[in-house]
Amino acid sequence: MNANHWAGPRRRDRLGLRIAAVAVAGATVATLAPTAAVAAGVGVPSAVAEAGRPGPAVDLGPELRALVERGGATAALGESREDGRRPWRDAAGVVDLDSGRAVRADSRFRIGSVTKTFVSTVVLQLADEGRLRLDDPVEKYLPGVVPNGGAITLRQLLQHTSGLFDYLEDQRFLYHDEASLRAYLAEGRWTDFRPEELVSVAVGHPPYFEPGQGWYYSNTNYILTGMVVRKVTGRTWQREVERRIVEPLHLDSTTFPNSSARIPGPHAHGYVQLPEGPADVTRINPTVADAAGNGISTTADLDRFHAALFGGKLLTPARLAEMTTAVPAPTIAAHYGLGLIRYDLPCGEVWGHTGGIPGYNTIMLGARDGSRQFTLSFNLLEGAETDETGAAIDALFVKAACGPDGAGAAPAAPSAADGAGRSPLKLLR
């Protein structure tokens with residue numbers, strides 16, 4: 001492997017969509033790695049969820065601890081909110097394996113593809129201001145950057161219907177064996193990328209399909225979206241997210257770094273497994289993810305963001321309706337809007353996004369009416385998953401969404417692979 005490889009052995013999962021397929025009351029639900037919870041706060045008992053509406057906030061402490069004790073995670077954090085209140089918050093696991101210190105409830109973590117929801121929100125705001133149109137072609141803003149750019153719209157980028165190849169599936173971004181993983185840990189994770197380089201890798205491959213003729217999760221779409229934001233505003237996508245979302249909502253623990261490898265503030269460490277033991281992968285150069293997934297946040301900030309977005313504080317009703325107009329996303333057993341995933345559960349639909357990046361997994365979901373949110377994050381020791389890992393993740397997701405009885409049945413064990421033949425227990429990178 002050269003210095004650019006970073007994805008994972010036997011791994012083709014894409015950033016932010018490492019899916020565990022779950023059978024719930026006869027319905028298959030795709031969930032990405034949830035997050036574990038935060039210490040402090042009291043769980044609220046839950047009755048069976050109302051039909052058509054996700055269940056109320058519940059105590060997920062036992063599921064968090066199960067994920068750490070039996071599921072191969074080193075730390076897990078979580079928080080839920082209902083009507084602006086925080087009825088539950090908890091944490092399990094340790095800050096790092098060396099010290100064994102308990103993880104804090106307010107710990108920060110890499111959010112991976114949850115970043116996409118922030119970026120999409122900014123684009124929809126720019127559309128409301130008349131500075132771009134969602135059905136404009138990419139070629140209008142980035143001439144010559146993408147072959148057939150005149151036939152690919154901004155809407156297709158946001159919805160993953162462009163057909164563009166995902167640069168993270170290029171061999172340069174995959175590690176295949178112990179030697180290539182060691183090379184990534186020693187050199188590859190420090191590599192600095194420009195977005196133009198990532199797009200160049202992607203367009204060196206044929207597209208998956210003609211624009212608008214299918215659905216395929218491609219991080220390239222959001223690298224291009226970030227470039228469009230800069231072209232339209234004269235500022236980086238990071239600065240636009242900060243001034244339009246982070247600062248007005250006082251998301252004081254949320255950052256979108258450039259090339260800094262550190263996570264500011266308290267945080268749990270992320271690890272991958274080597275024969276001699278866990279290797280710390282907390283520090284990476286996040287330019288490899290850019291607008292597709294380089295964010296850092298907390299459970300509290302993500303719940304606040306979700307509540308503001310679905311509560312109408314960031315977008316007009318018409319734009320939020322566009323954002324939540326979703327198309328089938330068969331490989332994740334869900335529907336995808338504009339930077340948003342919709343999961344249909346027996347207790348109703350939930351909206352948000354999931355994320356994965358080396359060492360960290362995030363799930364930010366909630367009710368469409370903005371009344372409920374839950375955010376989970378966990379640090380899976382990759383390469384050391386157990387037979388119970390998938391079931392522990394599934395239990396967190398279903399109970400958080402529906403309550404202890406709202407799903408109607410216990411989740412079945414996850415399938416061996418998702419619809420594209422990838423191992424669901426391998427995090428996308």
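Provided above is the structure to which this section pertains.
In short, a report on the structure.

Thresholds applied
Residues numbered from 1 in each chain as written. Predicted model: local features only at pLDDT ≥ 70, side-chain atom pairs only at ≥ 80, totals over all residues. Heavy atoms only, no water. Helix = DSSP H or I, 4+ residues; strand = E, 2+ residues; numbered from the N terminus. Buried < 20%, exposed > 50% of the residue type's maximum accessible area, 1.4 Å probe, protein only. Contact = heavy atoms within 4.5 Å. Areas by Shrake-Rupley, 256 points an atom, 1.4 Å probe, with all protein chains shown as cover. Disulfide = S-S within 2.5 Å. Pairing = 2+ DSSP bridges. Salt bridge = Lys/Arg side-chain N within 4 Å of Asp/Glu carboxyl O. Expected span 1.5 Å × (residues − 1). Phe/Tyr/Trp six-rings, centres within 6.5 Å; stacked < 30°, edge-to-face > 60°. Lys NZ or Arg CZ within 6 Å of the ring centre and 35° of its normal. Core = buried A, V, L, I, M, F, W, Y, C linked by side-chain atoms within 4.5 Å.

### As for the overall build of the protein
Counting secondary structure elements, the protein contains eleven helices and 14 strands. Within the protein, the proportion of its 429 residues that are buried is 63%. If you take every contact in the protein between residues at least 6 apart in sequence, the share linking residues at least 24 apart comes to 75%. Summed over all atoms, the accessible surface of the protein reaches about 14,400 Å², with 51% contributed by carbon and sulfur.

### A look at the state of the cysteines
Enumeration according to the criterion identifies one disulfide in this entry. Residue pairing for Cys347: its cysteine sulfur links by disulfide to Cys402, the two sulfurs lying 2.0 Å apart. Because the sign of the S-S torsion sets the handedness, a value of about -65 degrees for the bond joining Cys347 and Cys402 places this disulfide among the left-handed ones. Taken as a pair, Cys347 in the loop between strand S11 (341–345) and strand S12 (348–357) and Cys402 in helix H11 (residues 389–402) lie far apart in primary sequence, 55 residues in all. The same class applies to Cys347 and to Cys402, which are both buried.

### Overview of the pairing of strand S4 (residues 85–93)
Sheet topology note: the strand S3 (residues 73–82)/S4 ladder contains seven bridges and is antiparallel. Counted as the bridge partner of Gly78 is Asp90 from S4. If you look at the hairpin formed by S3 and S4, you'll find two residues sitting between the two strands, and Asp83 has a positive phi there, around 50 degrees.

### Some details on the pattern of salt bridges
Per the stated rule, a full pass over the model turns up 28 salt bridges. The partner of Glu242 in a salt bridge is Arg239, with the nearest N and O atoms 3.3 Å apart. Here Glu242 pairs with Arg239, and both are found in helix H8 (residues 237–249), just three residues apart, close to one helical turn. The partly exposed category is assigned to Arg239, whose relative accessible area is 31%.

### Considering helix H2 (residues 115–128)
Between its first and last C-alpha atoms H2 spans 21 Å; for 14 residues at 1.5 Å apiece the expected length is 20 Å, and the two agree. Most of H2 sits inside the fold, with 13 of its 14 residues counted as buried. One or two positions beyond H2, positive phi appears at Gly130, with a value near 75 degrees.

### As for the packing of aromatic side chains
Here the structure, examined in full by the defined rule, presents eleven aromatic pairs. With a centroid separation of 6.4 Å and 50 degrees between ring planes, the pair formed by Trp215 and Tyr217 is classed as tilted. Per residue, the accessibility class of Trp215 equals that of Tyr217, and both read buried. Among the aromatic side chains, those forming a connected cluster through ring pairs are Phe118, Trp237, Phe256 and Phe305. Directly above the aromatic system of Tyr222 lies the positively charged group of Lys116, at a separation of 5.7 Å from the ring centroid.

### Remarks on the nonpolar core
Counting residues in each nonpolar core, the largest one holds 112 residues, and the members touching the most others are Phe118, Leu132, Tyr167, Phe305 and Leu309. Ranked by the residues each element gives to this core, the list is headed by H11, at eight residues.

### A closer look at unusual backbone geometry
For His250, which is not a glycine, the phi torsion comes out positive at approximately 55 degrees. The topology assignment puts His250 in the loop between H8 and strand S6 (271–274). Classification of His250 as exposed rests on a relative accessible area of 54%. The backbone of Asp290 sits at a positive phi, close to 45 degrees, despite the residue not being glycine. The class for Asp290 is buried, based on a relative accessible area of 10%.

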